[in-house]
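Each chain, written out:
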Amino acid sequence: MRTVFAALFCGMLMAGVADAATVTNRDEKTAVLVIVERESRMEFAIASGATEMICPSGCFVTAPSGDRVGLQGDETIEIVNGSVEVK
């Protein structure tokens, strides 16, 4: 029974990650994004060259340059010169 529960739980986690937006920092320094999901606001640091998954349910992202974009949760974005580029 534990094995079945563990398999279902892992499947649910993977399903949530699969729908998240992918962000890659192409800049030479760490970028700090401000992410707003529903009423929650947080700062999210992405190291130079790193790729992270964010916003599984959609969100608004403010880049270091001040650019603000709305994401649905399935986009691929890059941080270039402090700005967000949606691919």
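Residues numbered from 1 in each chain as written. Predicted model: local features only at pLDDT ≥ 70, side-chain atom pairs only at ≥ 80, totals over all residues. Heavy atoms only, no water.

A look at the overall build of the chain
Step number 1: Helix and strand counts for the chain come out as 1 helix and 8 strands.
Step number 2: The order of helices and strands in the chain, counted from the N terminus, is α-β-β-β-β-β-β-β-β.
Step number 3: Out of the 87 residues belonging to the chain, those deemed buried represent 33%.
Step number 4: Restricting the contact set of the chain to residue pairs at least 6 apart, pairs at least 24 apart contribute 43%. (Helix = DSSP H or I, 4+ residues; strand = E, 2+ residues; numbered from the N terminus. Buried < 20%, exposed > 50% of the residue type's maximum accessible area, 1.4 Å probe, protein only. Contact = heavy atoms within 4.5 Å.)

Let's talk about the sheet that holds strand E6 (residues 68-71)
Step number 1: With antiparallel pairing, the 4 strands of this open sheet are ordered in space as E3-E2-E5-E6. Unpaired on one side and paired on the other, strand E3 (40-46) and E6 mark the two borders of the sheet. When strand polarity is set aside, the average angle formed by the axes of neighbouring strands in this sheet is 25°.
Step number 2: Direction of pairing for strand E2 (residues 31-37) relative to strand E5 (residues 59-62): antiparallel, over a ladder of 3 bridges. The residue bridging Ile 35 from the neighbouring strand is Val 61, located in E5. (Pairing = 2+ DSSP bridges. Axes fitted to C-alpha atoms, helices over the stretch in contact; angles between N-to-C directions.)

With respect to the environment of Glu 75
Step number 1: Assignment of secondary structure puts Glu 75 in the loop between E6 and strand E7 (76-80).
Step number 2: Separated by 54 residues in the primary sequence, Glu 75 and Ala 21 have C-alpha atoms spaced 4.8 Å apart.
Step number 3: With residues near it in sequence (within four places) discarded, Glu 75 still touches Ala 21, Thr 22, Gly 70 and Val 86.
Step number 4: For Glu 75, the side chain forms a polar contact with the main-chain nitrogen of Gly 73, separated by 3.0 Å. (Polar contact = N/O pair within 3.5 Å; in protein donor to acceptor, adjacent residues only side chain to side chain.)

Digging into the state of the cysteines
Step number 1: According to the stated counting rule, one finds 1 disulfide in the structure shown.
Step number 2: Covalent S-S linkage joins Cys 55 and Cys 59, the inter-sulfur distance amounting to 1.8 Å. One quick way to see it: the torsion about the S-S bond of Cys 55 and Cys 59 is about 70°, and its sign makes the bridge right-handed. Summarising the burial analysis for this pair, Cys 55 and Cys 59 share the class buried. (Disulfide = S-S within 2.5 Å.)

Topic: the confidence of the model for the chain
Step number 1: Taken over all residues, the pLDDT of the chain has a mean of 84, while the share at 70 or more is 79%.
Step number 2: Contacts of residues 1-17 to residues separated by more than four positions or lying in other chains number 2 contacts, the stretch itself having pLDDT below 50. (pLDDT = per-residue confidence, 0-100.)

Some words on the environment of Met 53
Step number 1: Structurally, the position occupied by Met 53 is in strand E4 (residues 51-54).
Step number 2: In this structure, the C-alpha to C-alpha distance between Met 53 and Asp 74, residues 21 residues apart in sequence, is 9.7 Å.

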